[in-house]
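Here are the chains, one letter per residue:
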Amino acid sequence: MNYNDLGLKCGLEIHQRLNTKKLFCGCSSTMKEGPTAKVMRTLTAVAGETEEIDPAALHEQQRDRTFYYAVYSNESCLVELDEEPPHAINPDALYAALQVAKMLHCDIPDEIHVMRKIVIDGSNTGGFQRTAIVGLGGHINTSFGRVGITNVSLEEESAQILEREGRTVTYGLNRLGIPLIEIGTAPDAHTPEQARELAEALGSLLRSTGRVQRGLGTIRQDVNVSIKGGARVEIKGFQELREMEILIEREVERQSALLALAEELILRKAHATDPVEVTHIFTNTANTMLAKMVASGKRIYAFVLKGYGGMLKKPISGQRTFGRELADYALAQGTKGMIHSDEQIGSYNLNAEFAMLKEKFGVGPSDAICIIAEDERVALRACRAVVERAKRALKGVPEETRAPSQNMTSSYARPLPGGARMYPETDVPPIRVDKKLLERIKLPEGLDAKRRRLASLGVAEQTAAELADSEMLPIFEEAVKTGADPRRASEVLTSTMKALRREGLAVDKIESEDMIQLLQNVAELPKEAVLDALKTLAEGKRYTEAVHVQHLGPRELESLVEKVIKGNMDLINKEGEVAFKKLMGPLMAEVRGRVDGKVAAKALEKRLRSVLR
Amino acid sequence: MYSKKILNLLARGSIKTGDRVRVTRDGRSYEGVLMPKAEGSGDCIVLKLDNGYNVGLELKAGATLRKIASAKPSQHVKHKVHHDPSKPTVLILHTGGTIASKVDYEIGGVVARFDPEDLVGMVPELERIANIQTKLVFQEWSENMTSKHWQTLAKEVYKACRNDKIAGVVIGHGTDTMHYSAAALAFFLENLNKPVVLVGAQRSSDRGSSDAHLNLVCAAHLASQGDLAEVVIVMHESSSDDRCAIIRGVKARKMHTSRRDAFGPINGLPLGSVDRKGNLQLAGAYNKRHRGKAKLVNKFEERIALVKTYPNQSPKILEHLVKSGCKGIVLEGYALGQAYTKGPYNLLPILKKITQKIPVFMASQSIYGRVNMNVYNAGRMLQEAGVIGEMHDMHPELAFVKLGWVLGQTKDKQKVKEMMLTNCRGELGETTPYE
């Protein structure tokens, strides 16, 4: 693809979780506990500061959902439950955010105003997320030039979905309120590779604060994509940078395809009819899903997309068809989806019904019929949403928020939220950023300085470079401070971890405190024991379970060697020194994990020689 | 508020809050809507950027502020109230508080700002339950209310009691002193003939999670169909948005600073509960609706005091109160009804003096449980010194409101004691139920 000709513009929004306590209360951000109670809530859409109700907020309200919130005893409190006003903003989180704003050459407001961003999908118990801009109009230098930073914000993490069933969603409150730094960039990346480089650079900058959480889900990227003639589309929340490049590529493909589709639809003078109830046509249907729905009192509505015939089966990104794009809008309204005449109707056992519909509506080959089944209100809402989306196709690409979907494509999630969904958090007074506060904010050590410092501790040069930019650095620092051998610890945190990761072990899930404890003892432990311990910790076990045996002292080793030799005297007498290889097995079975293999071999060799002599 | 310097600057550029402006400083410029200054430094202007965020920017030397466009008029649509003759009519009296509040950008906090019609606009479900009549009685945060407000409110409720077309009354009220008002209304309205439901919110109505919605809907259900003639408080039964508890006004107390289920009955059980759909459960003994005539008894002695007992308390406080014209005191003693009876803080001498003139009534700062001044020596000595309040289970604020009301009816010492210890509105329980 020639991204230059297509006029690709990409901007990023990066969200990084911090390892401080929560942003507006004293709860722990570690997410280790299990829930202890559950609370049920509902949310209603309310007008923002400018008296308009935001379309994104309304959209969620239309789905009338019930929310359950799982409560955790140390990782959530009345603040997360929306039962107590927020406490003062966490000073460590604010410090880290201001550091990032400074590193990105941002203009820092003289007064930071905490806002409430209306979010009524239930992921925030208050119906809003607390967020504040701490930096504006900065930049970062990359290999492809300077990239603008539109904002650095400090905000609350949302609650995560634990369970979803129909219109009921259960969220966990342990994640809610963990501080997040958000960095928004200008759309200055013009290829997927540039977007990736930018994301990597920002990730490294965030890590340099030493305040970030590590592991899966602790950093999330959203990417804004548009091409010439297209529209700004936001793809939400993916964690793998590899995915990002492909998703951008697919989005460019999608926007190009939608632009071509628009031209065709205009030529065809495409338009849509109002939905009509057609449940009676399906009373004896052979389609089991529809039969079940009709039997349970659901209704079926049909509408005609005039001039759209054949268009719905056109792939527009990867295997994703335009019909699927439309169906997303029906899904978003809480239906099971949509069936249309561009699909293999025969495979649904709906040939007869669709023939009747065609006749009823006087539909030609250039038209498409769509049906949606649900309760009346929901079905009609879904029909209208699909019709609106279909009409919008004549104008090209709609602005929307999309979520990553299967095969690296994305699916419609909700309309792009507008500015109306913000109003001040009046329970938190504005934070004055005066000179004194700004002077207190020290920039974190640069990568080079860090590398040099690590090398001076005795860390090998290559390892130092790697560790300096790693999210493991804070663990390293803490371990060394409490007595770990720097060289061994640095090797474990870089090459050893990498090797185990490659084997598919979840070493990133290892609790920081367990890792630190292991590193403290790394100099005394044999290499194999460290490996075994890491493997056990990666299974979710704790340190005391992983390193249960003290490593062997020389005397214990000798007695075990003796035991192996005594038990195999016949073999030794018969084979002489060659028996060594056969004896290593039984010996290792005795000492594995407690002493280095090489040390064991040496001891065995020595004893064997003396026995043979 | 903005500083004089900023206000002058705005005046010179004929810039008003709500206008779209451009700020240029240090070579960067920002466009946005100029917001009013709620709190914080008066020297920072607050700009609402196009992304919705507010930021505070100081106008340092060389900075400029220019108007780009005038404020857009706000598009506030008033809700029209419809009438359905097949439905009962509920009168919603509005007195202020969080339930009818929204963010005020001038002063920064939540303020009472809704017209009564807004309440219906905000909770459309109300119209499906009943025909809604609304009246603004006054607009006051509950911490600013006085007994005068209770008297005014009681008059409005009394009017509704005499109007057969009104099925029940809902009163939107601030929560801080709601249980004082509820107790006062209960005492002020004798032979009440229909439900009078006080309702409030712990989370302001401008947020999606406000408890106002459920509380109002449940209150309206109870007022329209409940076979009940009592002053009650209807608020969340738990932290969940599923049901509201119905709590007798004279038993209710705000027991938490911020939770939705802050209200609970003291020394009693809830009268029942009601949910969003109108499923109503009432239990135990309560007064039922009737066609009789209610009577307004709303005289109240304002010059009374509620005094908490505490270590090192100077007896002079009581002396001072009497000197400054106090006509009755509720003493919030320890546990079963104890206070200093020896040493430098001994209350007995001063109590002996003042109980000759005014009633001193004992309630307990333990909140839960019954006063019994026969168990310990201190209690017996306090009784000998003239302190009344034997064997009752009224929490201190309830005893306080009742004392003011009783003193509004009679000054006779014996009569006051008798009335204080006689059950009038369900405020005194003969037994203390096990919960």
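Residues numbered from 1 in each chain as written. Chains lettered and ligands numbered in written order. Predicted model: local features only at pLDDT ≥ 70, side-chain atom pairs only at ≥ 80, totals over all residues. Heavy atoms only, no water.

Let us look at the overall build of chain B. Along chain B, the regular secondary structure elements total 11 helices and 22 strands. Overall size of chain B, expressed as C-alpha extent along the three principal axes, is 80 × 65 × 35 Å. Burial statistics for chain B: of 435 residues in total, 57% are counted as buried. Within chain B, counting contacts between residues at least 6 apart in sequence, those at least 24 apart form 70% of the total. Within the structure as shown, chain B displays about 18,700 Å² of accessible surface, and the carbon and sulfur contribution to it stands at 51%. Charged side chains of chain B number 61 positive and 43 negative; the gap between the two group centres comes to 4 Å. (Helix = DSSP H or I, 4+ residues; strand = E, 2+ residues; numbered from the N terminus. Buried < 20%, exposed > 50% of the residue type's maximum accessible area, 1.4 Å probe, protein only. Contact = heavy atoms within 4.5 Å. Areas by Shrake-Rupley, 256 points an atom, 1.4 Å probe, with all protein chains shown as cover. Lys, Arg positive; Asp, Glu negative; His and termini not counted. Charge placed at Lys NZ, Arg CZ, Asp CG, Glu CD.)

The next subject is the sheet that holds strand β13 (residues 231–236) of chain B. Residues and elements named next belong to chain B. Ordered by their spatial adjacency, 8 strands build an open sheet running β9-β6-β10-β12-β13-β14-β17-β18, and the pairing between neighbours is mixed. Pairing within the sheet leaves two strands with one partner each, and these edge strands are β9 (131–136) and β18 (280–282). Going from strand to strand, the sheet's axes swing by 25° on average, the running direction of each strand aside. The pairing of strand β14 (residues 243–248) with strand β17 (residues 272–275) spans 4 bridges and is antiparallel. Residue pairing in the sheet places A245 in a bridge with S273 of β17. Lying over the sheet, helix α5 (residues 178–188) contacts β10 (166–172), β12 (196–199) and β13, oriented at roughly 155° with respect to β13. (Pairing = 2+ DSSP bridges. Axes fitted to C-alpha atoms, helices over the stretch in contact; angles between N-to-C directions.)

Here we take up unusual backbone geometry. For N349 of chain A, which is not glycine, the phi torsion reads 60° and is therefore positive. Within the secondary structure, N349 of chain A sits in the loop between β18 (339–340) and α8 (351–361). Positive phi is not limited to glycine here, since N312 of chain B has a value of about 65°. Among the secondary structure elements, N312 of chain B is positioned in the loop between β20 (304–308) and α7 (316–323).

This paragraph deals with the side chain of T409 of chain A. Residue and element names in this part refer to chain A. Within the secondary structure, T409 is located in the loop between β20 (400–404) and β21 (410–415). Among the residues examined, T409 registers a relative accessible area of 4% and is labelled buried. When residues no more than four places from it in sequence are discounted, the contact partners of T409 are L247, R250, S317, G318, R320, A403 and P404.

Our focus in this paragraph is the pairing of β20 of chain A. All names here are of chain A. Judged from the 3 bridges that link them, strand β12 (residues 233–238) and β20 form a sheet pairing that is parallel. Bridge pairing in β20 places V233 opposite E400. Looking at chain direction, β20 and β21 are connected through 5 bridges and run antiparallel. Bridge pairing in β21 places R402 opposite Y412. In textbook terms, the turn of a hairpin is the stretch between consecutive antiparallel strands, and for β20 and β21 this stretch comprises 5 residues, one of which, N407, has a positive phi near 55°.

The subject of this paragraph is the packing of aromatic side chains. Enumeration according to the criterion identifies 9 aromatic pairs over all chains in this entry. An angle of 20° between the planes, with centres 5.8 Å apart, marks the rings of Y69 of chain A and Y171 of chain A as stacked. One end of the pair, Y69 of chain A, is in strand β3 (residues 66–71); the other, Y171 of chain A, is in strand β9 (residues 168–172), with 102 residues separating them in the sequence. Side by side, Y69 of chain A and Y171 of chain A carry an identical accessibility label, which is buried. Here F188 of chain B and F300 of chain B contribute two aromatic rings whose centre-to-centre distance is 6.1 Å and whose plane-to-plane angle is 70°, an arrangement assigned as edge-to-face. Of this pair, F188 of chain B sits in helix α5 while F300 of chain B sits in the loop between β19 (295–296) and β20; the two residues are 112 residues apart in sequence, bridging distant segments of the chain. (Phe/Tyr/Trp six-rings, centres within 6.5 Å; stacked < 30°, edge-to-face > 60°.)

Before going further, it helps to examine the packing of helix α4 (residues 192–207) of chain A against helix α5 (residues 241–267) of chain A. Residue and element names in this part refer to chain A. Axis separation between α4 and α5 bottoms out at 9 Å; the angle between their running directions is 150°. One way to sum up the angle between α4 and α5 is to call them roughly antiparallel. Where α4 crosses over α5, the handedness of that crossing is right-handed. When α4 is examined against α5, the residues P192, E193, A195, R196, A199 and E200 are found in contact with a partner set consisting of L241, R242, M244, E245 and I248. Residue composition of the contact of α4 with α5, grouped by class: 6 nonpolar, no polar and 5 charged. (Parallel < 35°, antiparallel > 145°, perpendicular 65-115°, else oblique. Left-handed = near helix turned anticlockwise from the far one by under 90°. Nonpolar A, V, L, I, M, F, W, Y, C, P; charged D, E, K, R; others polar.)

A few words now on the environment of R289 of chain B. All names here are of chain B. Following the sequence through the fold, R289 ends up in the loop between β18 and β19. Apart from residues no more than four positions distant in its own chain, R289 is found in contact with A167, N193, K194, P195, L222, A223, S224, Q225, G226, D227, L228 and A229. Looking at R289, its side chain comes within polar contact range of the main-chain oxygen of A167, at 2.6 Å. (Polar contact = N/O pair within 3.5 Å; in protein donor to acceptor, adjacent residues only side chain to side chain.)

Another aspect to go through is the confidence of the model for chain A. On average, residues of chain A carry a pLDDT of 90, and 95% of them reach 70 or more. In the model of chain A, helix α2 (residues 55–61) of chain A stands out as the element of lowest mean pLDDT, 57, in contrast to strand β10 (residues 179–185) of chain A, which has the highest, 98. (pLDDT = per-residue confidence, 0-100.)

It is worth spelling out the interface of chain A and chain B at this point. If you look at the interface, chain A gives 50 residues, while chain B gives 46 residues. Both sides of the chain A and chain B interface together cover about 3,900 Å² of buried area, and 46% of this is carbon and sulfur. Summed over the shared surface of chain A and chain B, the number is 9 salt bridges. Of the charged contacts, one joins D107 of chain A and R25 of chain B as a salt bridge, the two residues approaching to 3.2 Å between their closest N and O atoms. Counting across the interface, chain A meets chain B through 28 residue pairs in polar contact (both at pLDDT 80 or more). At the level of elements, β2 (37–41), β5 (115–118), β6 (128–142), β7 (145–156) and β22 (422–424) of chain A are the ones that each hand at least two residues to the side of chain A that touches chain B. With 8 residues, β6 of chain A is the single largest residue contributor to the side of chain A that touches chain B. Residues of the side of chain A that touches chain B, tallied by class, amount to 20 nonpolar, 14 polar and 16 charged. Here strand β4 (residues 111–112) of chain A pairs with strand β4 (residues 54–58) of chain B via 2 bridges, running antiparallel. Note on β4 of chain B: the bridge partner recorded for E111 of chain A is G56 of chain B. (Buried area = accessible area lost by both parts, 1.4 Å probe. Salt bridge = Lys/Arg side-chain N within 4 Å of Asp/Glu carboxyl O.)

Our next topic: the pairing of β10 of chain A. If a strand is regular, its side chains alternate between the two faces of the sheet. Residue and element names in this part refer to chain A. Here β10 lies mainly inside the structure; 7 of its 7 residues are buried. Here β10 shows two buried faces, one formed by P179, I181, I183 and T185 and the other by L180, E182 and G184. Where strand β1 (residues 9–17) meets β10, 5 bridges bridge the pair, whose relative direction is antiparallel. Bridging from a neighbouring strand, I14 pairs with I183 of β10.

Overall, antiparallel pairing links the 7 strands, which are arranged β23(A)-β4(A)-β4(B)-β3(B)-β2(B)-β1(B)-β5(B) in an open sheet. The open sheet terminates on both sides in strands that have one partner only, identified here as β23 (431–432) of chain A together with β5 (64–69) of chain B. Pairing analysis gives 5 bridges linking strand β3 (residues 44–49) of chain B to β4 of chain B, with the strands arranged antiparallel. Pairing of L47 of chain B across the sheet is with V55 of chain B, part of β4 of chain B.

Summed over the entire model, instances satisfying the criterion amount to 0 disulfides over all chains. We note that C25 of chain A lacks a disulfide partner, and the nearest cysteine sulfur, in C27 of chain A, lies 3.7 Å from it. (Disulfide = S-S within 2.5 Å.)

Counted at 1.5 Å a residue, the expected span for α5 of chain A with its 27 residues is 39 Å, and the 40 Å between its end C-alpha atoms agrees. A positive phi of about 50° marks K269 of chain A, the residue just after α5 of chain A. (Expected span 1.5 Å × (residues − 1).)

To continue, consider the nonpolar core. One broad rule of soluble globular proteins: the nonpolar side chains tend to lie buried together. If you look at the biggest cluster of nonpolar residues, it comprises 89 residues, and the most contacted ones within it are L104, L154, I181 and L305 of chain A. Sequence-distant contacts of L305 of chain A, defined by excluding residues within four places in its chain, comprise H271, A272, L312, L326, D367, A368, C370 and A390 of chain A. (Core = buried A, V, L, I, M, F, W, Y, C linked by side-chain atoms within 4.5 Å.)

Our next topic: the packing of helix α13 (residues 473–481) of chain A against helix α14 (residues 486–502) of chain A. All names here are of chain A. The N-to-C vectors of α13 and α14 enclose an angle of 155°; their axes lie 10 Å apart at closest approach. Judged by the inter-axis angle, α13 sits roughly antiparallel to α14. For the element pair α13 and α14, the recorded crossing hand is right-handed. Contacts between α13 and α14 involve I475, F476 and V480 from the former and P486, A489, S490 and L493 from the latter. Across the contact of α13 with α14, the residue classes tally to 6 nonpolar, 1 polar and no charged.

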